[in-house]
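# Topology and contacts: notes
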Amino acid sequence: MSEEFISRGFRGRRKPGDQSGRIPPGQYLERGFPVLSAGPTQHTPLANWDFSIVGEVDQPKRWSWDEFRALPRETVTKDIHCVTKWSKLDTHWEGVSLDTLLAQVKTSASYVIAFSDGGYTTNLPLDEVLDGQAWVVDTYEGQPLEPQHGGPARLLVPHLYFWKSAKWVRGLRLVDEDEPGFWESLGYNNHGDPWKEERYWGD
Ligand SMILES: Nc1nc2c(c(=O)[nH]1)N[C@H]1C(S)=C(S)[C@@H](COP(=O)(O)O)O[C@H]1N2
Ligand SMILES: [Mo]
């Protein structure tokens, strides 16, 4: 056995806390937190803020800020991946699971259109936002989420590229037929799995 083989094998061994294997193809590790917004930062006063579930539902649902804050909360630690090629590891968030929110409606829909203050939208298959895959978060690293990062509340869908994590989110529209959101209609991939490099239309 050659020495080269032995040392390569040794170095390739995974240690706890090792970051190898956590950066999807084509991505680099970012330690800051870049701000990416297609339009101006939104500043909706909490008194005017609500979160609603509308569309293909038995009965639309609406939560005021206080009602939203009183819902069962979860703390999650997730890696996030932006299509502009940065990834951040172990980001800490708090908020309400979409399981909790969507449990309040009956629906036959298969897709979700998240909509935000400022007009941003993004589309997601319903079965990719259930079972602990998506949250409406209002706290980042223990602090209220800053407006530039989508505060008071944003969507967090960490298993897809970060454009699916709509900032300033105000609700979900449930639909039977999929329809492209803001970036999806401008050439970004409809699905956006970073591990499959689903960046652009046709990837
Ligand atoms: N409302 C809204 N949400 C948005 C965007 C946006 O322009 N408007 N940009 C998306 C993109 S492309 C990314 S990478 C992330 C960036 O979030 P950040 O600014 O907190 O890093 O927000 C996503 N959510
Ligand atoms: Mo992005």
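Residues numbered from 1 in each chain as written. Chains lettered and ligands numbered in written order. Predicted model: local features only at pLDDT ≥ 70, side-chain atom pairs only at ≥ 80, totals over all residues. Heavy atoms only, no water.

It is worth spelling out the overall build of the chain at this point. Secondary structure assignment for the chain yields three helices and eleven strands. Secondary structure of the chain in N-to-C order comes out as α-β-β-β-α-β-β-α-β-β-β-β-β-β. Across its three principal axes, the chain shows a C-alpha extent of roughly 70 × 40 × 30 Å. Every one of the 203 residues in the chain was classed for burial, and the buried ones make up 44%. (Helix = DSSP H or I, 4+ residues; strand = E, 2+ residues; numbered from the N terminus. Buried < 20%, exposed > 50% of the residue type's maximum accessible area, 1.4 Å probe, protein only.)

In this structure, the largest pocket spans a volume of roughly 480 Å³. What lines the largest pocket is a set of 28 residues, and nearest its centre among them are Leu36, Ser37, Ala38, Tyr120 and Trp183. Residues belonging to the lining of the largest pocket are distributed by class as follows: 17 nonpolar, eight polar and three charged. (1 Å grid on protein atoms, 1.4 Å probe; cavity = no way out; pocket = protein on both sides within 12 Å on 5 of 7 lines; lining within 4 Å. Points joined across faces, edges and corners; volume = space filled by probe spheres on them. Nonpolar A, V, L, I, M, F, W, Y, C, P; charged D, E, K, R; others polar.)

Within the secondary structure layout, Gly39 lies in the loop between β1 (28-29) and β2 (50-55). Note on Gly39: relative accessible area 38%, which makes it partly exposed. Once the C-alpha coordinates of Gly39 and Gly187 are considered, the two residues, 148 residues apart in sequence, prove to be 18 Å apart.

Surveying the vicinity of ligand 1 reveals 20 residues, the closest of which are Pro34, Ala38, His149, Arg154 and Lys167. Interatomic distance of 2.8 Å between a backbone N/O atom of Leu36 and an oxygen atom of ligand 1. Within the backbone of Ser165, one N or O atom sits 3.1 Å away from a nitrogen atom of ligand 1. For ligand 1, the accessible surface in isolation is 530 Å², of which the surrounding protein chains cover 97%. Because more than half of its atoms lie within 2 Å of the grid, ligand 1 is assigned to the largest pocket. When grouped by side-chain class, the residues that make up the shell around ligand 1 number 13 nonpolar, five polar and two charged. (Near = heavy atom within 4 Å. Polar contact = N/O pair within 3.5 Å; in protein donor to acceptor, adjacent residues only side chain to side chain. Areas by Shrake-Rupley, 256 points an atom, 1.4 Å probe, with all protein chains shown as cover. Sits in = over half its atoms within 2 Å of the grid points.)

Glancing now at the nonpolar core. In this structure, Phe51, Ile53, Leu98, Leu101, Leu102, Val136 and Leu174 are the most contacted members of the largest nonpolar core, which totals 34 residues. Listed by contribution, the elements that provide at least two residues to this core are β2, α2 (65-69), α3 (98-102), β6 (111-116) and β11 (169-175). Counting residues in hydrophobic clusters, the runner-up holds twelve residues, among them Ile80, Trp86, Val137 and Leu145. (Core = buried A, V, L, I, M, F, W, Y, C linked by side-chain atoms within 4.5 Å.)

It is worth spelling out the pairing of strand β8 (residues 135-140) at this point. Here β8 lies mainly inside the structure; six of its six residues are buried. Examined bridge by bridge, strand β5 (residues 86-97) and β8 share five bridges and lie antiparallel to one another. From the neighbouring strand, Ser97 faces β8, where its bridge partner is Trp135. Pairing of β8 with strand β10 (residues 154-156), which is carried by three bridges, proceeds in the antiparallel orientation. From the neighbouring strand, Trp135 faces β10, where its bridge partner is Leu156. Inspection of the sheet shows β8 paired to strand β9 (residues 143-144) by two bridges, in the antiparallel sense. Residue Thr139 lies in a different strand from β9, and its bridge partner there is Pro144. Where β8 folds back onto β9 in an antiparallel hairpin, the turn is made up of two residues, including Glu141, whose phi is positive at roughly 50°. (Pairing = 2+ DSSP bridges.)

What follows is about the sheet that holds β6. Taken in spatial order, the five strands line up as β3-β2-β11-β6-β7 in an open sheet, and their pairing is mixed. Each of the sheet's edge strands pairs with one partner strand only, and the pair in question is β3 (61-64) and β7 (121-125). Strand-to-strand twist of the sheet, defined as the mean angle between neighbouring strand axes without regard to direction, takes the value 15°. Note: β6 against β7, five bridges, orientation antiparallel. Within the sheet, the bridge partner assigned to Phe115 lies in β7 and is Thr121. (Axes fitted to C-alpha atoms, helices over the stretch in contact; angles between N-to-C directions.)

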